[in-house]
Amino acid sequence: MAVYKIFPSKDATMYSMYPTMNTGLDEIIEATLTSIAPTEPNPQVSRFLIKFDQDNIENVMTDLVNGAEWQANLRCFVAKTTGLDLNTTLDVFAVSGSWDMGTGKYLDSPLTTDGVSWRYQAYSGSTVWNVLTPTANVTSSYDTTYAPYGGGTWYSQQAITTVPRSNIYLSSSQVYSYSQDQDLNVNVTNIVDVWLSGSLSYYANPTDILTNTTSSVSVDNEGFLIKQRVEFVNNNDYQPEIKFFSIDTHTIYPPVLEIKWNDVTYNTGSLETLSTLPATVTLAQNPGTFYTGSINKFRVNARPEYPTRVWQTGSLYTTNYALPEDSYWALKDLDTNEYVIDFDSTYTKLSCDPTGSYFTMHMNGLEPERYYQILIKTEIEGSTIIFDDQYYFKVING
């Protein structure tokens, strides 16, 4: 199994309260609903844009995924959340219309206006977001009572239907509450798939289904737009704010587009499968340091801790065993003890050949100059065992 992480090429937040303000270099991206003051209810919102380079995505799909089963997830790491209720929801859409990141920060004095904002796609006075007369299959939203028109445009999930008669939802969502992980982690496979094809066939009218008459809309990769589902609520008791680290963060938590694919093969050959406990599991082909961009195949050596005695001329302790087929790997940041890549029953499954179990790891999406720990999970004799015996390595700049 394999996981590849792509970092953004640009991101920015749009604020309805400051229609021409650009925040392309701010350390925070956010989706908020905020009232100005209790005595003057005037709800304002923010939405953020984030884009990943199309060439990078295509290269991963062509050179690595190569037709295998795959999934793409947008991940943004939370900096702060306040005011959440039990059903605060973030929606993720495919942006319609190009935009420039700009060089501004929140509340620069004077305000920076050289990039995307609530009103404009590129800079103050440039092309406005076409929210008044959106084209077919494109939608938008804003509240004329509290905000000027703007806030971006995106492809409508309701308007696009593929052949034959199945909906392609060009959006994803995540419900927030205090009882769950606050990071954004949503499946955006449908959006990325449409970007790869460049267009989408659909039925323009209900009667077209009968005649199988299709229309086509061009869908270019202009990135994602993330917003709260419920906005412009005039209620001082409801002010959910969700802030994430941006590409310009000074932390180890920039957003990523995580592409996972199934490249597992399982062929033990003449190897015996490990089936008894206690067991010894070690990691081979681990030099300890890797350059960013390296790809490494980690070999897993496994054997019973107390092998059954048999008559043979070689040592019992040099005989390798295959781990059971349902075995997985995960990756933690050694300092924060957080999972960088969690166990996944589909996309972090171990492969096996007649030499032993193994898995491949791409170092490109890991923060350099940090130490990481590999964990191996398997099931033996009805017990789920996680091995983490000093399987460490460091990614370095180079």
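Treat the numbers as computed from the prediction; the structure is a model and nothing was measured. (Residues numbered from 1 in each chain as written. Predicted model: local features only at pLDDT ≥ 70, side-chain atom pairs only at ≥ 80, totals over all residues. Heavy atoms only, no water.)

## Some remarks on the environment of Thr346
Positionally, Thr346 belongs in the loop between strand E23 (339–341) and strand E24 (351–353). Along the chain, Thr346 and Asn87 lie 259 residues apart, while their C-alpha atoms are 29 Å from each other. (Helix = DSSP H or I, 4+ residues; strand = E, 2+ residues; numbered from the N terminus.)

## Quick notes on the sheet that holds E24
To summarise the sheet geometry, strands pair through backbone hydrogen bonds and adopt either a parallel or an antiparallel arrangement. Pairing is antiparallel across the open sheet formed by four strands, whose spatial order is E19-E21-E25-E24. The open sheet has two edge strands with one neighbour each: strand E19 (279–284) and E24. Put simply, the sheet's adjacent strands are angled 30° from each other on average, direction ignored. Relative to strand E25 (residues 356–362), strand E21 (residues 295–304) is paired through six bridges, and the arrangement is antiparallel. For Ile295, the partnering residue across the bridge sits in E25 and is His362. (Pairing = 2+ DSSP bridges. Axes fitted to C-alpha atoms, helices over the stretch in contact; angles between N-to-C directions.)

## Examining the side chain of Thr189
Turning to its location among the elements, Thr189 is positioned in helix H2 (residues 189–197). There is a polar contact of 2.6 Å between the side chain of Thr189 and the side chain of Asn187. (Polar contact = N/O pair within 3.5 Å; in protein donor to acceptor, adjacent residues only side chain to side chain.)

## Some remarks on the sheet that holds strand E1 (residues 2–6)
Spatially, four strands are ordered E1-E18-E5-E13 in an open sheet, and the strand pairing comes out antiparallel. Both outer strands of the open sheet, E1 and strand E13 (184–187), are each paired with one neighbouring strand and no more. Taking each pair of neighbouring strands and ignoring which way they run, the sheet shows an average axis angle of 20°. Pairing of strand E5 (residues 70–76) with E13 involves four bridges; the strand directions are antiparallel. By the bridge assignment for E13, Cys76 is matched with Leu184. In the packing of helix H1 (residues 54–65) onto the sheet, the strands contacted are E1, E5 and strand E18 (256–261), and the crossing angle to E18 comes to about 20°. Relative to E5, H2 is tilted by about 115°, and along the sheet it contacts E5, E13 and E18. (Contact = heavy atoms within 4.5 Å.)

## A short note on H1
Of the residues making up H1, those classed as buried are Gln54, Ile57, Val60, Met61 and Val65. All buried residues of H1 lie within an arc of 130° about the axis, which places them on one face of the element. The outward face of H1, more than 90 degrees from its buried face, is lined by the exposed residues Thr62 and Asp63. Where the residues of H1 are buried, they touch E1, E5, H2 and E18. (Buried < 20%, exposed > 50% of the residue type's maximum accessible area, 1.4 Å probe, protein only. Arc of directions from axis to C-beta.)

## Some remarks on the nonpolar core
Core analysis: the biggest nonpolar cluster contains 43 residues, and Leu74, Leu184, Phe224, Leu257 and Ile259 have the highest contact counts within it. Among residues more than four places away in sequence, those in contact with Leu184 are Leu74, Arg75, Cys76, Leu90, Val92, Gln174, Tyr176, Ile226 and Phe244. Trp329, Ile341, Leu350 and Val395 belong to the second-largest nonpolar core, a separate cluster that totals 28 residues. (Core = buried A, V, L, I, M, F, W, Y, C linked by side-chain atoms within 4.5 Å.)

Any functional reading would require information beyond the geometric quantities listed.
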